[in-house]
Structures are given as structure tokens and as C-alpha cells.
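Understanding the architecture of this molecule
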Amino acid sequence: MSTNPNISDKASPILPGEILAYINDKPYAVLPGETILKFVRRHLGDQSNAHTLRRAQPRTLRFLPGMQRGRGIGANGPAKTQASCHTPVIPNSFVYTDSARIKKLRKNIIELVLTDHPLDCLTCEVNNNCELQTVAARVGIRDVRYPEGKKPLRPGKDLSHPYMTSDFSKCINCFRCVRACDEVQGQLVLSMAGRGFDSHIVKGFEQSFSSPKCQLRRLRPGLPDVGYFRTF
Amino acid sequence: MKGNAPEVRVRRPTPQQGLFNKPTVVNNVETLANLPFIMQRGGKAFAAIGAQIFRHQIAFIDGHFHRPGIYEADMGTPLAAVIHELGGGFRKPVKAMHIGGPLGGLVPVSKIDALTVDFDSFAREGFLLGHASIVCIPEDFPLIQYLEHLFEFTAHESCGKCFPCRLGSTRGFEMLHKARTGDYKVDRTLMDDLLETLEIGSLCALGGGLPLPVKNALKYFENELSPYFQK
């Protein structure tokens, strides 16, 4: 139980000399090198900041996978919001997890992501077991306001591997599989090719799972599951 | 570069380091343009020009002026002097000038007298001096087409790392293109949301800079653009 009335029950007591930062205007103790996401989750719990995305067991948080832009936690001060998953907590900073501005930003980014995704949830094989679907529902997207636009040309299903299948027509370029392949498995089989709107995930030199002697099957716990990439 | 994909970093490396961890200098055109003077007359003469960090601003002005070219002006020179004295005035009627590069501000001609060539003056009026290039938009050129071009430019230049820039620039271009060539009306709320998302959600200044000229255009040329938008 906290000795400070300003701190929620979940927060650790603030000891003299500890570095502080503020979450929604309440002071909390900061651990050295902690990211904003870890800081907020440590004090307010795992579900505290409007996202349920699992992370791909990163060894390092140096790189920002695109999907995690949807996780932004409003930080007071700079004009830009900071993505919470990789930004270290600045002592004495004020972090706002659910301001109107950050809620709107989350919603708008996810809406943009959905413009690049086939909206066939009802017939999708991972319906009701999809992180993107969950996040979209959580940020409150009912429909996509953008008109029908161009869709990137991505290869469809790859069933060539005995353990893994992929359907990149549903890929949202979150880069998490690329990170898992690099940082966890150290294989670099999966990587990005193309630039801008045409950027896409490739296996080896635009091959299939069976060609590059893929060892990703060992990665089952860390792989994302938003309909485009499944492990068995 | 260094075996990494050509994408922007989330933030600069800390501690700061150059390419391959060696001291690295990146010169822009303006740095190089100062070298001949320093080599001819020495560093002391260069330092004696003035105490300001930015002593000169080099203005690039385009073919809609009588005397297009690259000029050097002291910081604080009235914009009107650059346009009329250095550039010799406009050759044809111009409604706006895009100053400071593709992501600079869109300055209507009515604002010329309010501006001097320095960062503060432009920032105060809601524009951006940038590298002080001046690209004119003639009276007879549809502004909607210019905005469409800006979104297309950003989509083309985008590295694809962050969602707002990769998708937002393309969707913005598509909406404006549809509005210009068909019956489609761009939802003004949606456009404002898109601009805000680009501005505060993009990783680098490419996506973050695009909203400025678009906002300027929507503010100063509302009458011209209103047929393409719906509230």
C-alpha cells in the first residue's frame, strides 16, 4: 500500500531520492533506462494503455516496428507524441495515457492501417483471434472513412512450408516478423523490400518459406498473429 | 547504409556517433556556398560579417520572376525586396509562393509585405523559411492540383517505415485526385484528421512537414478549394 495518497494502490511507494515522472499528473518512481511503456505498465498494469499487442520478445527496443505507432502515449512537452514502446522515460516528464489527443491519434493511425488491409474479417480464418481486429475495436473504429484506394501488390498464400503458412495480402507491414527473424532467430530470412507504399515483407530474395531453409518454426511463441502469418 | 535498410531512425544515436562510428560531416549547399568567401578572405573576415549565427540566407527563385536565379541576402531583408529588387518582380500574375522547399509554407502574395527573410518572421506568420527557395504558383494554376502534387511527392519520397507517412500521403493523394477529376468531395474533418496524424504521428520531418503547406492553402485559399471539400 502506498504511503502517498496521490499514488494508486498498484504503485510502489516513492522513496526519498528516487527519480520521478508523472502519469496522468500523478508521480511515480522511474527505473533507470525504462521505456515509457514499461514504466506505465509497471505502475498501472498491463491493460492500462489501450493496447493488447504482444511483443515479439525483442532483445532490444532500438527499432520501432510500425504497428507500435498505434501505441503512442501522449507525452507532455514536445509537439510530437512519443511512441511509448521505445522512448525512455525522461525524469520529471508528464505522460498522459488517455488524453483526447492521443486517443484520436491512435484511432486515426489504425484507421489508416485498415485502408491497407482487406476488410473481410467475417470470412477471415482468424476472425475473433486477431490483434489488429482487437486493437481496432479497442480504439473505437466503426468504419473506414477513406475511399477505396490502391492496394499494394503482395503475394497471396504461401503453403510451401510444412510448419508455416503466410498470406501477405493481409500483411500490415508491422515488421515484427522481420524483427523476430533478426533479433530472436538471427537468421535475416525475412526482411523488407521496396520503399514507401510499395514496401513489403520478403522471404530471402522474394522466395517462399521452403526456399530459404527457414528455421522460423522455432519461433512460435513470438510470432504475430494478425491473419497474415500463422504457425502450427 | 551500414547494412541497414534505408529508413529513418526513431531518434539520433546516443551517444552521438558518425558513419561507422567515425567523425562525419554532412555538408549542405549553404555550407559549401560559404566556403569560397572563407577561402578567399579568411575566417576572420567571415566572422566579421555579423554576429548572427545565420548571417545570410540564400534565396533560390524560380522562372516566374524576371530574373530567376540564386541570390544571397542578409537575414532580415524584407521579402518584398528579394522579390522585386533581386528577382525583378513577377513575370505573370502569381497567387502564392511556396517558400522553403516542398514542405515549407505556402505564402499568399497578400502576405509578402508582412514577411522578412528570417526564421522568426516566417514562424510568426505560420510559415517556414527553410532553405528559402521560392516556387511561384501562377493565378491560373489550380491549387487543388498543387496540393495533390505535394501528397504525391511525399508518397514518392516516403521510406515506408511509419504508417502515417506511408499510408497517409498515398490516401491524401488519392482523395485529392478523386476530388479534382471526379464528383468526389473530400470530407474536411477527415482531411484535418489526416493532417494531424501526419503532423504528430510521423517519424521524421517528411510526413511531419507535409501538413504545413496544405494547412496554409486551406486557410488562405478557402474559396478556391471549397468546391472540392464538404464539411
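Structure: above.
None of these values were measured; they are calculated from a predicted model.

**Some thoughts on the pairing of strand 6 (residues 164-167) of chain A**
Residue and element names in this part refer to chain A. Burial along strand 6 is two-sided: M164 and S166 facing one way and T165 and D167 facing the other are all buried. As paired strands, strand 5 (residues 157-158) and strand 6 are joined by 2 bridges and run antiparallel to one another. Counterpart to K157 in the pairing with strand 6 is D167. Hairpin geometry of strand 5 and strand 6 is characterised by an intervening segment of 5 residues between the two adjacent antiparallel strands.

**Comments concerning the nonpolar core**
The biggest cluster of nonpolar side chains holds 53 residues, and the ones touching the most others in it are L143(B), F151(B), L176(B), M191(B), L194(B), L225(B) and F229(B). Of all the secondary-structure elements, those providing two or more residues to this core are helix 2 (100-115) and helix 3 (131-139) of chain A together with helix 5 (143-157), helix 6 (163-181), helix 7 (188-201) and helix 9 (211-220) of chain B. The biggest single contributor to this core is helix 2 of chain A, with 7 residues. Excluding residues within four positions of it along the chain, L176(B) makes contact with I144(B), L147(B), E148(B), F151(B), V186(B), M191(B) and F229(B). Within the second largest apolar cluster, 22 residues are counted, among which are I61(B), I83(B), L115(B) and F122(B).

**Description of the pairing of strand 2 (residues 26-29) of chain A**
Residues and elements named next belong to chain A. Pairing between strand 1 (residues 20-23) and strand 2: 4 bridges, direction antiparallel. Residue pairing across strands places I23 opposite K26, the latter belonging to strand 2. Connecting strand 1 to the antiparallel partner strand 2 that follows it, the hairpin turn spans 2 residues, and N24 within it adopts a positive phi of roughly 50°.

**Notes on the packing of aromatic side chains**
Residues and elements named next belong to chain B. Applying the stated criterion to the full structure yields 4 aromatic pairs over all chains. Between F65 and F90 the ring centres are 5.1 Å apart and the planes differ by 40°, which places this aromatic pair in the tilted class. Here F90 lies in the loop between helix 3 (79-86) and strand 3 (94-99) and F65 lies in the loop between strand 1 (56-61) and strand 2 (69-74), a separation of 25 residues in the sequence. A relative accessible area of 21% means that F90 is categorised as partly exposed.

**A few points about the environment of H131(B)**
Tracing the backbone shows H131(B) in the loop between helix 4 (119-124) and strand 5 (133-138). Note on H131(B): relative accessible area 39%, which makes it partly exposed.

**Here's the deal with the interface of chain B and chain A**
Bring the parts together and some accessible area is lost; that lost area is often taken as the interface size. Every contact between the two is made by 32 residues of chain B and, on the other side, 35 residues of chain A. When chain B packs against chain A, the two sides together hide about 3100 Å² of surface, and 57% of this comes from carbon and sulfur. Contact with chain A buries surface across chain B, with F163(B), R171(B) and I200(B) losing the most and accounting together for 24% of the total. Of the charged contacts in the structure, one is a salt bridge between D193(B) and R145(A), with a shortest N-O distance of 3.0 Å. Viewed at the interface, chain A and chain B are joined by 12 residue pairs in polar contact (both at pLDDT 80 or more). Sorting the residues of the side of chain B that touches chain A by element identifies helix 5, helix 6 and helix 7 of chain B as the ones contributing at least two each. At 10 residues, the largest contribution of residues to the side of chain B that touches chain A is made by helix 6 of chain B.

**Concerning helix 1 (residues 36-44) of chain A**
Residue and element names in this part refer to chain A. When helix 1 is considered as a whole, its buried residues turn out to be I36, L37, F39, V40, R41 and H43. Here the buried face of helix 1 lies against strand 1, strand 2 and strand 4 (94-96). In the segment just after helix 1, G45 is the residue with positive phi, at about 95°.

**Description of the state of the cysteines**
The final tally for this structure, using the stated rule, is 0 disulfides over all chains. Here C171(A) stays unpaired: no disulfide links it, and the sulfur of C177(A), its closest cysteine neighbor, is 6.4 Å away. In this model C204(B) remains outside any disulfide bridge; the closest cysteine sulfur is found in C165(B), 6.0 Å from its own. By relative accessible area, C204(B) is classed as partly exposed at 26%.

**Section: the environment of G194(A)**
Residues and elements named next belong to chain A. Its place among the elements puts G194 in the loop between strand 7 (190-193) and strand 8 (200-203). Owing to a relative accessible area of 53%, G194 belongs among the exposed residues under this scheme. Ignoring sequence-local partners within four residues, the contact set of G194 consists of S199 and H200.

**A short note on the pattern of salt bridges**
Going through the model one piece at a time under the given rule, you end up with 17 salt bridges over all chains. Across the salt bridge formed by R166(B) and D116(A), the nearest N and O atoms sit 3.3 Å from each other. Placement of the pair is R166(B) in helix 6 and D116(A) in the loop between helix 2 and helix 3, with the two residues belonging to separate chains. This pair shows no difference in class: R166(B) is buried, exactly as D116(A) is. In this structure, K157(A) engages E125(A) in a salt bridge whose closest nitrogen and oxygen atoms are separated by 3.3 Å.

Procedures and definitions
Chains are numbered independently. Their residues run from 1 in the order of the written sequence. For this description, chains carry letters from A and ligands carry numbers from 1, given in the order in which they are written. With the structure being a predicted model, the display of local features is reserved for residues of pLDDT at least 70 and the display and counting of side-chain atom pairs for 80 or more, all residues being used for whole-chain, interface and lining totals. To get the side-chain values, take all heavy atoms of the structure and skip hydrogens and water. Each residue's exposure class comes from its accessible area (1.4 Å probe, protein chains only) as a fraction of the maximum for that residue type: buried when under 20%, exposed when over 50%, partly exposed otherwise. Elements are defined by DSSP. Helices are runs of H or I of four residues or more, strands are runs of E of two residues or more, and each kind is numbered from the N terminus. Between any two strands, pairing holds if DSSP finds at least two bridges. Nonpolar cores were defined as sets of buried Ala, Val, Leu, Ile, Met, Phe, Trp, Tyr and Cys residues, with membership established by side-chain atoms within 4.5 Å. The contact definition used throughout considers only heavy atoms, calling two residues in contact when any of these lie within 4.5 Å. When the centres of two rings from Phe, Tyr and Trp lie within 6.5 Å, Trp using its six-membered ring, the rings pair. Their planes under 30 degrees apart give stacked, over 60 give edge-to-face, and anything left gives tilted. What counts as buried area is the accessible surface, traced by a 1.4 Å probe, that two parts surrender upon association, with contributions from both included. A pair is scored as a salt bridge if a Lys or Arg side-chain nitrogen falls within 4 Å of a carboxyl oxygen belonging to Asp or Glu. Pairing of N or O atoms within 3.5 Å defines a polar contact, subject to two protein rules: one partner must be a possible hydrogen donor and the other a possible acceptor, and residues neighboring in sequence count only if both atoms are side-chain atoms. Count a disulfide wherever a pair of cysteine sulfur atoms falls within 2.5 Å.

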